[in-house]
Number of protein chains: 2
Amino acid sequence: MKYGIVIFPSKPVQDEINSYRMRYDPHYDLIPPHVTLKEAFEADDETIYELITELKHIANDTDPFTLNVNKVRTFAPVTNTIYLKVEPIQELHDLADAMQSGKFPKNQTYSFVPHITIAQKLSQDEYSDVYGSLSMKDIQLEDKIDRFHLVYQLDNEVWTVYESFVFGKELV
Amino acid sequence: MKYGIVIFPSKPVQDEINSYRMRYDPHYDLIPPHVTLKEAFEADDETIYELITELKHIANDTDPFTLNVNKVRTFAPVTNTIYLKVEPIQELHDLADAMQSGKFPKNQTYSFVPHITIAQKLSQDEYSDVYGSLSMKDIQLEDKIDRFHLVYQLDNEVWTVYESFVFGKELV
């Protein structure tokens, strides 16, 4: 089964971000706005059971932190994905690093850049237009984060949540 | 903010149910297949914080159980919703009852019928066709349930998970 680990911002922030991604992100219907902490990985039931214990420890070792978003950026020329840059504070790097060590499969292809995707899989012409218009927007978002979610993908590509991990609140 | 409480069956069961609901359920893109334990209710941040403590107690007081599905039924003539009937075992009723008592808002309009919706908001002609064809299918699903999820609704009507509650595993 294919799993991933993400942070969902709070509803007001998700609603604002959805207003940007609605027209330009073909994954709009597959998963709400999110920061990916660990990209999709395969795990069987036994492995995921072990990883859930690890995730509880990680959550208990993490304090709530503030997530700040204030820039539109792009991964071009690697891909033409357009994203909201999330201020890369230590807590986010620590979370992502912890999920690449110990029992976790090491599946990080690029260096970790915390972000929220708002447009992807655009044609080259669309990309230029959309990046031009999105990068002129004044986007200032701030959010308190106190949890992350383990998600899995259904056959129709929709991601659904298996378990939430609340910082300092997990019974191990 | 609008919340609900649901059980998501496991991926294989969700995938099979999605194959039925894909064409007939306009909520297909809004939430994966689920059993609703508590219908949508409004709660502010302070209330939901209190209810989460209650939900942890409820989860800790519940043992994992088996969910069985083997009949296609309809709520007609009240609505033309078509659903998979979930065997109404005591555990499901206890969960739904607990979420209507104590600090929880009492928002149950009809008596609790555990079910998974596969078709709704059909025209009368569609309804007859679809009910005829779905009710001839031999659907036998069995699933082990060990958790429920508190979900909330975004402005685009998509439901996303706030927190999971695993039976016997919550720190209160």
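Residues numbered from 1 in each chain as written. Chains lettered and ligands numbered in written order. Predicted model: local features only at pLDDT ≥ 70, side-chain atom pairs only at ≥ 80, totals over all residues. Heavy atoms only, no water.

If you check an unreviewed UniProt entry, chain A appears there as Putative phosphoesterase SAMN05216238_101127 from Lentibacillus persicus. The record held by UniProt for chain A lists under Sequence similarities (unreviewed entry) the comment "Belongs to the 2H phosphoesterase superfamily. YjcG family." (UniProt positions renumbered as here; feature names shortened; annotations may be inferred.)

Q: Help me out: how do you make sense of the sheet that holds strand β4 (residues 82-86) of chain B in this one?
A: Within a sheet, adjacent strands bond to each other through the backbone by hydrogen bonds, running parallel or antiparallel. Residues and elements named next belong to chain B. Spatial ordering of the open sheet is given by β5-β4-β3-β6, a layout of four strands whose pairing is antiparallel. Each edge of the sheet is formed by a strand with only one pairing partner; in this case those strands are β5 (115-119) and β6 (141-145). Taken over all neighbouring pairs, the strand axes of this sheet differ in orientation by 30° on average, direction set aside. Along the sheet, helix α4 (residues 124-135) contacts β3 (65-74), β4 and β5; its crossing angle with β3, the most-contacted strand, is approximately 135°. (Pairing = 2+ DSSP bridges. Helix = DSSP H or I, 4+ residues; strand = E, 2+ residues; numbered from the N terminus. Axes fitted to C-alpha atoms, helices over the stretch in contact; angles between N-to-C directions. Contact = heavy atoms within 4.5 Å.)

Q: For this particular structure, what's the right way to read the packing of aromatic side chains?
A: Each aromatic ring pair is described using two quantities: the centre-to-centre distance and the angle formed by the ring planes. Tallied over the full model, the rule gives 16 aromatic pairs over all chains. Both rings, one in B:Y152 and one in B:Y162, keep their centres 6.1 Å apart while their planes meet at 75°; by these two values the pair is edge-to-face. Here B:Y152 is found in strand β7 (residues 147-153), whereas its partner B:Y162 is found in strand β8 (residues 159-166), with 10 residues between them in sequence. One aromatic cluster is present, built from ring pairs that chain together A:Y3, A:F41, A:Y152 and A:Y162. Positioned above the aromatic ring of B:Y162 is the side chain of A:R147, whose terminal nitrogen or guanidinium carbon lies 3.8 Å from the ring centre. Sitting over the face of the ring of B:F41, B:K38 holds its NZ or CZ atom 5.2 Å from the ring centroid. (Phe/Tyr/Trp six-rings, centres within 6.5 Å; stacked < 30°, edge-to-face > 60°. Lys NZ or Arg CZ within 6 Å of the ring centre and 35° of its normal.)

Q: I keep staring at the interface of chain A and chain B and nothing clicks. Help me out?
A: Opposite the 30 residues of chain A that make contact, chain B presents 29 residues. For the interface between chain A and chain B, the tally reads four salt bridges. We note a salt bridge from A:D155 to B:K11, for which the minimum N-O separation is 2.8 Å. For the pair chain A and chain B, the interface holds 17 residue pairs in polar contact (both at pLDDT 80 or more). With six residues, strand β8 (residues 159-166) of chain A is the largest single contributor of residues to the side of chain A that touches chain B. Here the side of chain A that touches chain B is composed, by residue class, of 13 nonpolar, eight polar and nine charged. (Salt bridge = Lys/Arg side-chain N within 4 Å of Asp/Glu carboxyl O. Polar contact = N/O pair within 3.5 Å; in protein donor to acceptor, adjacent residues only side chain to side chain. Nonpolar A, V, L, I, M, F, W, Y, C, P; charged D, E, K, R; others polar.)

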